[in-house]
Amino acid sequence: MAIERTLSIIKPDAVAKNVIGQIYTRFENAGLKVIAARMAQLSRAEAEGFYAVHRERPFFKDLVDFMVSGPVMIQVLEGEGAILKNRDLMGATDPKKAEKGTIRADFADSIDANAVHGSDADETAKVEIAYFFPALNVYSR
Ligand code: RTP
Ligand code: MG
């Protein structure tokens, strides 16, 4: 399988729960490397731009309200099949439906406060990485 990069966000609920390290450990144990990272308090404009594909959806305002409710941890993950691998680690969008042992099953409280974001395809990964890391400094090892 090809080496890929994907954008991951640890959302405000998981940052507030102080589980950044536990989530990073899951990435590492799955063979994903953190190759860029920064903590940020998103502005409304940044959150709206990031989730622009959902602009017309009924949950859009709740989603943006939630994403600006506290700091987030944003990272680029690299590894074999990183996009799908990260989605598998995350589990289903609704934590009630997420498989046992996934990040959302273990750390998320609701479909809104669902702990993590992960790019869902190669094209979205490229766009999302460029959105938050326009001058990506990659630390290879
Ligand atoms: P994400 O983009 O955050 O990684 O989540 P996802 O791919 O699993 O889900 P997506 O369909 O992209 O939706 C983005 C976020 O919007 C909220 N959502 N609420 N109430 C609802 O029916 C609903 N559907 C989606 C979730 O917080 C989801 O993470
Ligand atoms: Mg999504």
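The name an unreviewed UniProt entry gives the chain is Nucleoside diphosphate kinase, with Herbaspirillum seropedicae as the organism. The UniProt entry for the chain carries the following comment under Function (unreviewed entry): "Major role in the synthesis of nucleoside triphosphates other than ATP. The ATP gamma phosphate is transferred to the NDP beta phosphate via a ping-pong mechanism, using a phosphorylated active-site intermediate." Under the heading Sequence similarities (unreviewed entry), UniProt records this for the chain: "Belongs to the NDK family."

**Q** Mind laying out the site of ligand 1, listing which residues take part and the relevant values?
**A** Not every one of the 14 residues close to ligand 1 is listed here, only the nearest: Lys11, Tyr51, Thr93, Ile111 and Asn114. The contact in question runs from an oxygen atom of ligand 1 to an N or O atom on the side chain of His54, over 2.9 Å. One nitrogen or oxygen atom from the side chain of Arg104 is found 3.1 Å from an oxygen atom belonging to ligand 1. Protein contacts shield 78% of the accessible area of ligand 1, which totals 550 Å² for the unbound molecule. Contributions of two or more residues to the shell around ligand 1 are made by helix 5 (82–90) and strand 4 (116–118). Here the residues of the shell around ligand 1 are counted per class, giving 5 nonpolar, 5 polar and 4 charged.

**Q** Before we move on, could you go through the sheet that holds strand 4 and cite the residues and values that matter?
**A** Spatially, 4 strands are ordered 2-3-1-4 in an open sheet, and the strand pairing comes out antiparallel. Edge positions in the sheet fall to strand 2 (33–40) and strand 4, since each has one partner strand and no second. Neighbour-to-neighbour, the strand axes of this sheet turn through a mean angle of 20 degrees, independent of strand direction. Here strand 1 (residues 3–10) runs beside strand 4; their pairing, made up of 3 bridges, is antiparallel. Residue pairing for strand 4: Ile9 is matched across the bridge by His117. Its contacts with the sheet place helix 7 (residues 122–132) against strand 1, strand 2, strand 3 (72–80) and strand 4, and it is angled at close to 55 degrees to strand 1.

**Q** Can you break down the UniProt feature "binding site: ATP" (unreviewed entry) in the chain residue by residue, with the values?
**A** Those places that UniProt annotates as "binding site: ATP" (unreviewed entry) correspond, in this numbering, to Lys11, Phe59, Arg87, Thr93, Arg104 and Asn114. When you line up the elements, Lys11 lands in the loop between strand 1 and helix 1 (12–16). In contact with Lys11, not counting residues within four places along its chain, are Tyr51, Phe66, Met67, Pro71, Val72, Arg104, Asn114, Ala115, Val116 and His117. Of the residues examined, Thr93 reaches a relative accessible area of 40% and is grouped as partly exposed.

Reading guide: rules and limits
- One numbering rule holds for all chains: residues counted from 1, following each sequence as written.
- Here chains are named by letter from A upward and ligands by number from 1 upward, in the order in which they appear as written.
- The predicted origin of the model limits local features to residues at a pLDDT of at least 70 and limits the giving and counting of side-chain atom pairs to 80 or more, whereas totals for whole chains, interfaces and linings rest on all residues.
- Note that the side-chain values use all heavy atoms of the structure and ignore hydrogens as well as water.
- UniProt positions are given in the numbering used here, feature names are shortened, and annotations may be inferred rather than shown by experiment.
- Here a residue is considered near a molecule or strand provided that any single heavy atom belonging to it is located within 4 Å of it.
- Contacts described as polar in this section are N or O atom pairs within 3.5 Å, which, within protein, must combine one atom able to donate a hydrogen with one able to accept it, while residues neighboring in sequence count only if both atoms come from side chains.
- Residue-level accessible areas treat just the shown protein chains as cover; the underlying method is Shrake-Rupley with a 1.4 Å probe.
- Numbered from the N terminus, helices here are DSSP runs of H or I no shorter than four residues, and strands are runs of E no shorter than two.
- Following the grouping adopted for this structure description, the nonpolar residues are Ala, Val, Leu, Ile, Met, Phe, Trp, Tyr, Cys and Pro, the charged ones are Asp, Glu, Lys and Arg, and the polar ones are all others, Gly among them.
- In short, DSSP must find at least two bridges between two strands for them to pair.
- A fitted line through C-alpha atoms serves as each axis, taken over the contacting stretch for helices, and the angle formed by two N-to-C directions is quoted from 0 to 180°.
- Only heavy atoms enter the contact rule, under which two residues are in contact if any of them lie within 4.5 Å.
- Relative accessible area decides the class of each residue, using a 1.4 Å probe on protein chains only: under 20% of the type maximum gives buried, over 50% gives exposed, and in between gives partly exposed.

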